[in-house]
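Notes for the structure review
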Amino acid sequence: MFSHPAICTSSHMDTQSEQFIDQIRRFSAFAGVTHSQPEDRFFLVMGMTGSGKSTFISRCTGKDVTAGQGLFSCTSSIDVFDFTLNGRRIYFIDTPGFNDTNRSDIDTLKTLAAYLGASFANGIRIHGLIMLHSIADNRMSGSSLRNIELMKSVCGFTSYENLVIATTMWPKGSSIVERANLEDRETELLADSRFFGTLTAQGATLFRHNEKGSGDYFDEAASARRIVAHLVRQSNLHPPDVLRLQREIIQEGKSLGETAAGITMAGDLYKAQRAHELHLRELEREMKSQLANIDAIHSAELQQLKKDVKKELKNAQRQKQELEMTMQDMHAEEERLWNKNIEEMDRRFRDQLAAKEEELIEMEMSLEEIRNDVARRKSSQKQHVIQEVVEHENVVSNARKELIDVKSAYRRFRRQPSNMVNGTANGLAAGITSGLIAASFAGACVLM
């Protein structure tokens, strides 16, 4: 008997390849690289960590949205998912939230500007927005307030008929008192202009997603799709408006720091930088004044604090430079990330192919040894090993077929990324050019 190494099977690789290709297809539609149908709808999905955004998307699409490790989810924290609702293709643009502990707000804004700008330049319009908010949060944190304000800066709409505010995380079997407290909290969220009051006054609709707190998959899916169906109806009644960020970046040719959201961030960055500089001066003054009496431990602590503050200052300076980026700069940066990730995925595919080929060679050599061994045996001794030979021949035959399937999956993988990258780049370049021409023409009209 012989054994073969436990490596990634072709079925796994083929599935991985198909998932990647499907991700490219969805992203290409959002980026305007491939042609979408007039009845297709593109909805932004927003929400702070813990609001249930991934679950909401998963229930609508019927897919595990946390499992993907493809080109865009790895590099940009933005992804696109789709499903069919009443014969209409629905695309969810899963956007990164502001106040993320793993990335700066400026990085998040760069991502939004790069992809929303490319999409708009290539003719795609956002038909609606879904903002998820956990009703379990007993107070509106500063992070949540900032998230709302930045969302308003990105959108810049005068009317929000195509926005749904969906409260999530409603508990199951809550008491009358608990229920009343949650409803009071919801009323405050909708009435206070610091929270969602301004949005609802301008037409936004409130939904309670999975209000009964059901753990049933189908109940959750029905609740989520009811929200989407409402947005589809609203998008039929109210044509999609251009996001302010898209208009500023593409049509007006502004840098990131010149956009409404960028100006807000620049102000916050300036305050943070001033605070760091003040802290650094205080530390240096303390170190000088206590130079003679300071002990070794305290001195090390102050030195570490000084090092940390300098690091924060350097980071603030880097973010300040990022605010000067134009759409072309941001797209070039994203394209570098795409290519880097494509190279890594290509390397993984080639490594798996090499392992599969090596496995097949070992299996064929072992089979040849068994055949030679059978040939040397006497006729009376051959019968009991013939079945073993047949089994090994079947295994080798299957391995050859698997290798063919893996090579086919790799060829499909190789065809997709360049189409996406080149198509986005070409469409974006055309969109930016037309936007700049339009902006120049508008400026000339003003001067005339």
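Residues numbered from 1 in each chain as written. Predicted model: local features only at pLDDT ≥ 70, side-chain atom pairs only at ≥ 80, totals over all residues. Heavy atoms only, no water.

Description of the pattern of salt bridges
Using the following cut-off: Basic side-chain nitrogens of Lys or Arg form a salt bridge, by our definition, when they fall within 4 Å of a carboxyl oxygen of Asp or Glu. By the criteria applied, helices consist of DSSP H or I runs no shorter than four residues and strands consist of E runs no shorter than two, each listed in order from the N terminus. Exposure classes here rest on a 1.4 Å probe applied to the protein chains alone. A residue is buried below 20% of its type maximum, exposed above 50%, and partly exposed in between.
Under the criterion given, the structure shown has 33 salt bridges. Measuring nitrogen to oxygen at the nearest pair gives 2.7 Å for the salt bridge that ties Arg 25 to Asp 22. With Arg 25 and Asp 22 both in helix α1 (residues 10-31), this residue pair falls three residues apart, about one helical turn. The class of Asp 22 is partly exposed, set by a relative accessible area of 23%. Measuring nitrogen to oxygen at the nearest pair gives 2.8 Å for the salt bridge that ties Glu 333 to Lys 110. Placement of Glu 333 in helix α12 (residues 327-376) and of Lys 110 in helix α4 (residues 105-121) is noted, with a sequence separation of 223 residues between them. For Glu 333, a relative accessible area of 23% corresponds to the partly exposed category. Look at Lys 110 and you get buried, because its relative accessible area is 6%.

Digging into the side chain of Arg 185
Selection rule: Counting rule for charge: Lys and Arg are taken as positive, Asp and Glu as negative, and neither His nor the chain ends is counted. Two residues form a contact once any of their heavy atoms are found within 4.5 Å.
Structurally, the position occupied by Arg 185 is in helix α6 (residues 176-191). The buried charged residue Arg 185 lacks any salt bridge partner; its closest oppositely charged side chain belongs to Glu 188, at an N-O distance of 6.7 Å. In contact with Arg 185, other than residues within four places in its own chain, are Ile 135, Ala 136, Asp 137 and Asn 138.

With respect to the sheet that holds strand β3 (residues 88-94)
Basically, it comes down to this: At least two DSSP bridges between two strands are needed for those strands to be called paired. All axes are obtained by fitting lines to C-alpha atoms, using only the stretch in contact for helices, and the reported angles, taken between N-to-C directions, cover 0 to 180 degrees.
Read from one edge to the other, the open sheet built from six strands follows the order β2-β3-β1-β4-β5-β6, with strand pairing classed as mixed. Of all the strands in the sheet, just β2 (79-85) and β6 (205-208) have a single pairing partner and so form its edges. Neighbour to neighbour, the strand axes of the sheet diverge by 25 degrees on average, direction disregarded. Across the face of the sheet, helix α2 (residues 53-61) comes into contact with β1 (41-47), β2, β3 and β4 (128-134) while running at roughly 165 degrees to β3.

Topic: the nonpolar core
Under the convention used in this document: Put simply, a nonpolar core is a bunch of buried Ala, Val, Leu, Ile, Met, Phe, Trp, Tyr and Cys residues held in one set by side-chain atoms that sit within 4.5 Å of each other.
One finds Phe 30, Leu 163 and Leu 199 to be the most contacted residues of the largest nonpolar core, which totals 57 residues. In terms of residue count, the dominant contributor to this core is α4 (nine residues). If we skip the residues at most four places from it in the chain, Leu 163 touches Leu 129, Met 131, Met 151, Leu 199, Ala 204, Thr 205 and Leu 231. By size, the runner-up hydrophobic cluster in this structure holds 22 residues, among which are Phe 43, Val 45, Cys 60 and Leu 85.

Side note on unusual backbone geometry
With a phi angle near 55 degrees, Asn 86 is a residue other than glycine that sits in the positive phi range. Residue position: Asn 86 is located in the loop between β2 and β3. On the basis of relative accessibility, which here comes to 75%, the residue Asn 86 falls in the exposed class. One non-glycine residue, Met 169, adopts positive backbone phi at about 65 degrees. Among the structural elements, Met 169 can be located in the loop between β5 (163-168) and α6.

A closer look at the environment of Asp 94
So the rule is basically this: N or O atoms closer than or at 3.5 Å make up a polar contact, with two conditions inside protein: a donor-capable atom paired with an acceptor-capable one, and, for residues adjacent in sequence, both atoms drawn from side chains.
Examined against the element boundaries, Asp 94 turns out to sit in strand β3. Its relative accessible area of 14% is what places Asp 94 among the buried residues. In the structure, Asp 94 is positioned 41 residues away from Lys 53 in sequence and 8.3 Å away in space, judged by C-alpha atoms. Within the local environment of Asp 94, its side chain forms a polar contact with the side chain of Lys 53, the two groups lying 3.1 Å apart.

Quick notes on the confidence of the model for the protein chain
Reading fine detail from the predicted coordinates is not recommended where pLDDT is low. Using the following cut-off: The predictor attaches a confidence to each residue, and that confidence, scored 0 to 100, is pLDDT.
Averaged over the protein chain, the pLDDT score is 81; the fraction of residues at 70 or greater is 83%. Taken together, the stretch residues 71-75 has pLDDT below 50 and engages in 24 contacts with residues farther than four places along the chain or on a different chain. Confidence drops under a pLDDT of 50 for residues 442-448, and excluding neighbours within four residues, the segment shows zero contacts in the predicted structure.

Focus on α2
Among the nine residues that make up α2, seven are buried, leaving the element largely enclosed by the rest of the structure. Every buried residue belonging to α2 is among Lys 53, Phe 56, Ile 57, Ser 58, Arg 59, Cys 60 and Thr 61, and all of these are buried. Those residues of α2 that are buried are in contact with β1, β2, β3, β4 and α8 (217-237).

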